[in-house]
Amino acid sequence: MIEIKNLSKAYKKRKVLHHIDATISNPGIYAVLGPNGSGKTTLMKICMGLVLPDEGDVYIYRESVRASIQYRRMVSYLPQIARFPDNLKVKELLQLTEHLRGKAQRKEMLMELLDLDPYMDQLFRNLSGGTQQKVNLVTCLMYDVPLYLLDEPTAALDPVTQIRLKEFIQHERERGKMVVLTTHVPHLVQAIADEIFFLLYGDIYFHGSVEQLIGAYQANDVEEAIARLLMYEQEKVKI
Ligand SMILES: Nc1ncnc2c1ncn2[C@@H]1O[C@H](COP(=O)(O)OP(=O)(O)OP(=O)(O)O)[C@@H](O)[C@H]1O
């Protein structure tokens, strides 16, 4: 369960999140959307205690992220950009992660799913962007926790891997997990999201189901709905 209460964050004078409230109570897949710079990553980082809010708080399983770190045992976070010591081999990176975080429950299964076995003895820094993202995904998803916070999980992945990851995430939902993800891929949202939070102007501009978003903008799909939402806003600014 995630409760966001009166959350505000600015970087110097740049207001990014402005008195945001939201609650996620049930298992499911929740998409946090919004244009570049709308605050999606900032929100994720606040949830993990990596960025401090100016006002308000987030409660994860009723623990304040400002006051506690216990809740992090129940959460796995995928950062948008993987920053690993790049002088390590993939297998050493996974070992290091397990050394710090404890034995992972499904490392082998994920390595197979993402075709990572051939890269185990290669240095992380020598991997392609997509393969680095696969390593990033394994270090996050190999822990069987109730809540996943995934910042652009499909970035740089080839289509086959995107489909495998999508199916994995759907399977996690069926197992009762809560998955909160950011993405710029409308068809992924359309295929798997139970609810959408659309960030704009520091606020949650839209919250509802895929069908509600499409209906609200009389669109044919999520991509068109988002385009219309943003064009409508641009027109308002011109007026
Ligand atoms: N550490 C920081 N210092 C100063 N400004 C920052 C910092 N981190 C983020 N910002 C700014 O805050 C705003 C929101 O950034 P954030 O990364 O949260 O957006 P986002 O919605 O995740 O964007 P994208 O879709 O491009 O990943 C941007 O204007 C960004 O430049």
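Placed above this text is the structure.
Residues numbered from 1 in each chain as written. Predicted model: local features only at pLDDT ≥ 70, side-chain atom pairs only at ≥ 80, totals over all residues. Heavy atoms only, no water.

**Student:** Any chance you could break down the nonpolar core for me, citing the residues and the numbers?
**Tutor:** Ranked by size, the top nonpolar core spans 49 residues in total, and within it Val138, Leu141, Leu150, Ile169, Leu181, Val189 and Leu213 carry the most contacts. If you look at the next biggest cluster of nonpolar residues, it comprises 28 residues, including Val16, Ile24, Ile46 and Tyr71. (Core = buried A, V, L, I, M, F, W, Y, C linked by side-chain atoms within 4.5 Å. Buried < 20%, exposed > 50% of the residue type's maximum accessible area, 1.4 Å probe, protein only.)

**Student:** Hey, could you go over helix 5 (residues 159–174) for me, with residue numbers and the actual values?
**Tutor:** Between its first and last C-alpha atoms helix 5 spans 23 Å; for 16 residues at 1.5 Å apiece the expected length is 22 Å, and the two agree. Those residues of helix 5 that fall on the buried side of the exposure criterion are Thr161, Leu165, Phe168, Ile169, Gln170 and Glu172. Buried positions along helix 5 lie against strand 3 (28–33), helix 3 (107–113), helix 4 (129–141), strand 7 (147–151), strand 8 (178–182) and helix 6 (186–192). Two or three places before Val160, at the opening of helix 5, Asp158 has a side-chain oxygen 3.1 Å from that residue's backbone nitrogen. Gly176 lies just past helix 5 and shows a positive phi near 90 degrees. (Helix = DSSP H or I, 4+ residues; strand = E, 2+ residues; numbered from the N terminus. Expected span 1.5 Å × (residues − 1). Contact = heavy atoms within 4.5 Å. Polar contact = N/O pair within 3.5 Å; in protein donor to acceptor, adjacent residues only side chain to side chain.)

**Student:** Requested: an account of the layout of surface pockets, with residues and values cited.
**Tutor:** Its volume calculated, the largest pocket comes out at about 710 Å³. Around the largest pocket, the lining comprises 23 residues; the ones closest to its centre are Met48, Leu50, Tyr77, Pro79 and Arg101. If you list the elements that add at least two residues to the lining of the largest pocket, you get helix 1 (40–47), strand 6 (75–78), helix 2 (90–101) and helix 4. Element by element, the count of residues in the lining of the largest pocket is highest for helix 2, at five residues. Each residue belonging to the lining of the largest pocket can be placed in one class, and the counts come to 13 nonpolar, six polar and four charged. Looking at the second largest pocket, its volume works out to about 190 Å³. Within the residue set of the lining of the second largest pocket, elements represented by two or more residues are helix 6 and helix 8 (222–238). The element best represented in the lining of the second largest pocket is helix 8, accounting for three residues. When its residues are assigned to classes, the lining of the second largest pocket shows eight nonpolar, four polar and one charged. (1 Å grid on protein atoms, 1.4 Å probe; cavity = no way out; pocket = protein on both sides within 12 Å on 5 of 7 lines; lining within 4 Å. Points joined across faces, edges and corners; volume = space filled by probe spheres on them. Nonpolar A, V, L, I, M, F, W, Y, C, P; charged D, E, K, R; others polar.)

**Student:** I'd like to hear about the site of the ligand, residue by residue, with values.
**Tutor:** Around the ligand, the structure places 14 residues, and the nearest of them are Gly37, Lys40, Thr41, Thr42 and His184. Between the ligand and Thr42 there is a distance of 2.6 Å, counted from an oxygen atom to a side-chain nitrogen or oxygen. Interatomic distance of 2.7 Å between a side-chain N/O atom of His184 and an oxygen atom of the ligand. Contact with the protein chains removes 62% of the 640 Å² of surface that the ligand exposes when unbound. (Near = heavy atom within 4 Å. Areas by Shrake-Rupley, 256 points an atom, 1.4 Å probe, with all protein chains shown as cover.)

**Student:** How would you explain the sheet that holds strand 6 if you had to name every residue and give the values?
**Tutor:** Overall, mixed pairing links the six strands, which are arranged 6-7-8-3-9-10 in an open sheet. Strands with a single pairing partner mark the edges of an open sheet, and in this sheet they are strand 6 and strand 10 (203–208). Strand-to-strand twist in this sheet, taken as the mean axis angle between neighbours without regard to direction, amounts to 15 degrees. Relative to strand 8, strand 3 runs parallel, the two being bridged by five bridges. Within strand 8, the residue paired with Ile29 across the bridge is Val179. Sheet contacts for helix 5: strand 3, strand 7 and strand 8; angle to strand 3, the most-contacted strand, approximately 125 degrees. (Pairing = 2+ DSSP bridges. Axes fitted to C-alpha atoms, helices over the stretch in contact; angles between N-to-C directions.)

**Student:** Describe the sheet that holds strand 5 (residues 63–64), with residues and values.
**Tutor:** As summarised here, the arrangement of the four strands in space is 2-1-4-5, forming an open sheet in which the pairing is antiparallel. The open sheet is flanked by strand 2 (14–24) and strand 5, the only strands paired with a single partner. Pairing of strand 1 (residues 2–11) with strand 2 involves seven bridges; the strand directions are antiparallel. Among the inter-strand pairings, Leu7 is bridged to a residue of strand 2, identified as Ile20. Contacting strand 1, strand 2 and strand 4 (55–60), helix 1 crosses the sheet at an angle of about 120 degrees to strand 1.

**Student:** Hey, could you go over helix 1 for me, with residue numbers and the actual values?
**Tutor:** In an α-helix there are 3.6 residues to a turn, and that puts residues three or four apart on one side. In terms of residue burial, helix 1 counts as a mostly covered element, since seven of its eight residues are buried. Of all the residues in helix 1, the buried ones are Lys40, Thr41, Thr42, Leu43, Met44, Ile46 and Cys47. Where helix 1 terminates, the next one or two residues include Gly49, which has phi positive at roughly 75 degrees.

**Student:** Just give me the short version of the packing of helix 2 against helix 4, but keep the residues and values in it.
**Tutor:** When two helices pack together, their arrangement is given by the angle between the helix axes and the distance between those axes. At a minimum axis separation of 11 Å, helix 2 and helix 4 run at an interaxial angle of 25 degrees. Between helix 2 and helix 4, the angle is such that the two are roughly parallel. Crossing angle aside, the handedness with which helix 2 passes helix 4 is right-handed. For the pair helix 2 and helix 4, the contacting residues are Val90, Leu93, Leu94, Thr97 and Arg101 in the first and Val135, Val138 and Thr139 in the second. (Parallel < 35°, antiparallel > 145°, perpendicular 65-115°, else oblique. Left-handed = near helix turned anticlockwise from the far one by under 90°.)

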